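Chains, contacts and geometry: an overview
Below, each chain spelled out in residue letters.
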There are 2 protein chains.
Amino acid sequence: MTPDAFPGPLFTDLYELTMAAGYFQRQLQASATFSLFIRPHPKRGYFVSAGLEAVLDALDRFRFSTEEIDWLARTGRFKTDFLDYLAALTFTGNVMAMPEGEIFFPNEPLLEISAPLIEAQLLETYLINTMGVASMLATKAARCVYATAGRPIVDFSLRRTQGSHAGMVVARSSYIAGFNGTSNVLAGKQWDIPISGTMAHSFVTAFESEIDAFEAYADLFPESSIFLIDTYDTLQGARNAARVGRRMQAKGLALQGVRLDSGDMVDLSRRVRRILDEAGLPEVKIFASSGFDEYVLSHLIENGARIDAFGVGTRMGVSADAPYLDMVYKMVRLGNRDVRKQSEGKVTLAGEKQVFRRRSPDGRFRGDIIGLRDDVPPDGATAALLAPVMEKGRRLGALPPLSEIRDRFADRFARLDDQFKRLENPGEYPVAVSRRLAEIQKKC
Amino acid sequence: MTPDAFPGPLFTDLYELTMAAGYFQRQLQASATFSLFIRPHPKRGYFVSAGLEAVLDALDRFRFSTEEIDWLARTGRFKTDFLDYLAALTFTGNVMAMPEGEIFFPNEPLLEISAPLIEAQLLETYLINTMGVASMLATKAARCVYATAGRPIVDFSLRRTQGSHAGMVVARSSYIAGFNGTSNVLAGKQWDIPISGTMAHSFVTAFESEIDAFEAYADLFPESSIFLIDTYDTLQGARNAARVGRRMQAKGLALQGVRLDSGDMVDLSRRVRRILDEAGLPEVKIFASSGFDEYVLSHLIENGARIDAFGVGTRMGVSADAPYLDMVYKMVRLGNRDVRKQSEGKVTLAGEKQVFRRRSPDGRFRGDIIGLRDDVPPDGATAALLAPVMEKGRRLGALPPLSEIRDRFADRFARLDDQFKRLENPGEYPVAVSRRLAEIQKKC
């Protein structure tokens, strides 16, 4: 079991259980539909869908163990008939969802669950937690990929993510968004994501000299050596790396690269490039890592840093400029009536929905329409983004491999205009509401 | 297994394994000491130690499974003799640590591990990840508790934490820091933390009317009802709650409270208080939740909000104003030499250390001295904060119960001057370096 596995149905806010007890007591067992969506966020022009695989796995396994039921009984909060009901509960509902790797926008449902009220309600906390962190990190990572303007980029965030689950999710979500690999070995094993990494400062300090450390590493990994050159002095480190690189060259081997991890990256990368070139090592690449995020990456590239590939850590791994999304899961239909919360400033669209996307003749995204699920697709809508993925608690078809999800994102991202990808003050992508969906809102 | 459990030794950055292979190849198996500490953070005047219990559990279980070794072999990166070594590896080192619930400051070691170089190195990623998130969230929670000026406060953050592990950690860390409970049921089960929660908007909308929803809830939970009153209109919700509250009163029962979740909290809480008081329900409490953090809490209290208890969610649960700590794990001794990284702007104190804390005669904290582990305690130092918790891979004594950790924090926090607790621009707590420790730095 890895940190991304479903932690079981007690991973929930208590009120989901007390509400369920209330519904049970009053025999409120009509089918309900809940919609999962994100409220507008000033710092994000688009979002990337991720987390569905984990959610479907959780729905498959949604079951209270005897031990969990016994513990709930001991809390003294719940009646026996309700606990008996929970003990037999499995997920029997239907799920409509956007595929992972899809691009979406605020207020568009990412997922709609239709199930007996209690089943649908009990999933709330887990769904928001899981889809929220996965989509937030895929979105942050997509911004970083965009900022590198095509250069390779690797996830180095594992040590600073907010816990182990986030550490797994960021490796997967960033790979979906176009990262080339991760330092996270367990994620490499779990999802076959390329793993990356060579040495830290402690390795260099463990040897008598920097040169000794580089030589020891090159002996062991002659085909995949990247030397960290800033432990003592970056320029001297570059000269030491060049010496070892030339010795490798003489043996018919090739040093892969050097890594910078501190200092003025624009200036240092140029000087290090010169040292390597003058040593006859123009093919040795310069990697860099050091508090990067999309803003720093974009700055480095605009200012002509001679960096060939980036390691991106903490600020990407916690989405530091926007460390949470306002993702919510709201009831939109109960039995045969459409419902919505009407509190000030927080509007929910009632009704079971579909998202239609218009494309121009050359395939670029022109705008979305949030409609009713049974709306006739509007003119020019070439895609309905939500598709059934589970019916009566059973999955419909196999999940796509991660490579396919990554390809989907690359395809979609290429169709999105640059104005929506801007790192600051992105344009607002047009999202309209269909006439029939708008009419429903007046009635409830 | 819960989300806070050790994910195994592959939960690591790849470079820990490649460095270990390098040490193994060169027979670098001297004992090393690594120090875990936090670099200065502009938004935090103090930090709260948390996460040690999970770390010691991980050290107990640190072992590669056959399946993990086989997978590493299939990556083609490692030689057989190294993999055989890993297959037999367990943690055999010594650990000095601050107890959980202790207050600490930048550059002070929270933990020092002395072990054969490879063992100590392989722990880096997991240690920083686990102690980092636990201490970050305990620190954030302590600020929130301080801001409530003694009013009860509950963790409602589970749905918005960065993944499931963080969701568990925030419940535990915030309880250590003085929270009164959590909405997280699994954390309640795991650590016996009081659980809290009643209803969401979806519960209210599931009934024909708000009054029906309140009555259904009161029937089922006559002794622990808190009605959410902002689904339609907060003041009308308060009047509806008062009607049901009076009916409960007539039956000899007592409505516990109402909850506000949107709108102008200062104004609404006063109006709702008046409605409840005029209905003869002065004992019914007002709970509130709505995007709170220490800054909002402090504002509400300064402006005379009539709120009796707070539910704090997202912004606390992700430490939104400071979503990561610059926690590092650095080699400070190898064999018989003290070592340190010397890169620009990032200084590490070489040598095996102890933190001495001075107290005034009335028990208040006067300042810390970071010294060598075998320093004679400086004048006035009444406590050495690091104590041995593991020797030769075996635990020394049982871990304290969570209640004891919580009491420790309360004791320590009471001894810290208010200037260091200020939410903005906190004073800088005096931390000095002992003469002997300073001398060591010149030599390496």
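Predicted, not measured: the structure shown is a model, and the values here were computed from it. (Residues numbered from 1 in each chain as written. Chains lettered and ligands numbered in written order. Predicted model: local features only at pLDDT ≥ 70, side-chain atom pairs only at ≥ 80, totals over all residues. Heavy atoms only, no water.)

**Some words on the relation of the copies chain A and chain B**
Note on the chain copies: they are related by a rotation about an axis and a translation along it. For clarity, the cut-off: Each copy is superposed on the other by least squares, with the fit set by C-alpha atoms of residues at a pLDDT of at least 70 in both. Contacts are assigned to residue pairs that have any heavy atoms within 4.5 Å of one another.
With an RMSD of 0.0 Å, the fit of chain A onto chain B corresponds to turning through 180° and sliding 0.0 Å along the axis. Classification of the inter-copy transformation places it as that of a two-fold axis. Most of the interface of chain A is mirrored in chain B: 100% of its interface residues are interface residues there too.

**Considerations on the UniProt feature "domain: Nicotinate/nicotinamide phosphoribosyltransferase" (unreviewed entry) in chain A**
For clarity, the threshold we go by: UniProt positions are given in the numbering used here, feature names are shortened, and annotations may be inferred rather than shown by experiment. Segments assigned H or I by DSSP are reported as helices when at least four residues long, segments assigned E as strands when at least two residues long, and all are numbered from the N terminus.
Cross-referencing UniProt, the feature "domain: Nicotinate/nicotinamide phosphoribosyltransferase" (unreviewed entry) maps to residues 153–317 of chain A in the present numbering. End C-alpha atoms of residues 153–317 of chain A are separated by 13 Å, and the span's content is 48% helix alongside 13% strand.

**Quick notes on the domain arrangement of chain A**
All names here are of chain A. Threshold: Where each domain starts and ends follows an automatic or database-derived domain assignment. Buried surface area refers to the total accessible area, computed with a probe of radius 1.4 Å, that the two partners give up upon joining, counted for both partners together. Salt bridges, as used here, are contacts in which a Lys or Arg side-chain nitrogen is within 4 Å of a carboxyl oxygen on Asp or Glu. The definition of a polar contact used here is a pair of N or O atoms within 3.5 Å, where within protein one atom must be able to donate a hydrogen and the other to accept one, and adjacent residues in sequence count solely through side-chain atom pairs.
With domains assigned, chain A is organised as domain 1 (14–61 + 92–134 + 333–443) and domain 2 (138–317). Domain 1 and domain 2 are separated by 37 Å when their C-alpha centres are compared. Contacts between the two partners involve 24 residues from domain 1 and, on the opposite side, 22 residues from domain 2. Interface area, domain 1 with domain 2, both sides summed: about 2000 Å², of which 62% is carbon and sulfur. Where domain 1 touches domain 2, the interface holds two salt bridges. Of the charged contacts, one joins E53 and R172 as a salt bridge, the two residues approaching to 3.3 Å between their closest N and O atoms. Taken together, the connections running from domain 1 to domain 2 amount to 11 residue pairs in polar contact (both at pLDDT 80 or more). Among the elements of the structure, strand 2 (47–48), helix 6 (124–147) and helix 15 (402–414) are those that each provide at least two residues to the side of domain 1 that touches domain 2. The element best represented in the side of domain 1 that touches domain 2 is helix 15, accounting for five residues.

**Considering the sheet that holds strand 5 (residues 111–116) of chain A**
All names here are of chain A. Going by this rule: Between any two strands, at least two bridges found by DSSP are needed for them to pair. The axes are straight lines fitted to the C-alpha atoms, using for helices just the contacting stretch, and the angles between their N-to-C directions are given from 0 to 180°.
Taken in spatial order, the seven strands line up as 13-12-1-5-3-17-18 in an open sheet, and their pairing is antiparallel. Two strands bound the open sheet, and with one partner strand each, they are strand 13 (337–338) and strand 18 (394–395). Note: strand 17 (residues 387–391) against strand 18, two bridges, orientation antiparallel. Residue pairing across strands places M390 opposite R395, the latter belonging to strand 18. Against the sheet, helix 2 (residues 52–61) engages strand 3 (94–97), strand 5, strand 17 and strand 18, with an angle of about 25° to strand 17. Where helix 6 meets the sheet, it contacts strand 1 (31–38), strand 5 and strand 12 (327–334), and its direction lies at approximately 135° from that of strand 12.

**A closer look at the pattern of salt bridges**
Which entries qualify depends on this criterion: To sort residues, take the accessible area from a 1.4 Å probe on protein chains only and compare it with the maximum for the residue type: under 20% means buried, over 50% means exposed, and anything in between is partly exposed.
The final tally for this structure, using the stated rule, is 70 salt bridges over all chains. Among the ionic pairs, R333 of chain A bridges to D338 of chain A, the shortest N-O distance being 2.8 Å. By relative accessible area, D338 of chain A is classed as buried at 16%. In this structure, R435 of chain B and E439 of chain B form a salt bridge, with 3.3 Å as the shortest nitrogen-oxygen distance. Residue R435 of chain B and its partner E439 of chain B are located together in helix 16 (residues 435–443), separated by four residues, close to a single helical turn. For E439 of chain B, a relative accessible area of 33% gives the class partly exposed. Linked by salt bridges that have partners in common, E102, E108, R357, D368, D411, R412 and R415 of chain A make up one network.

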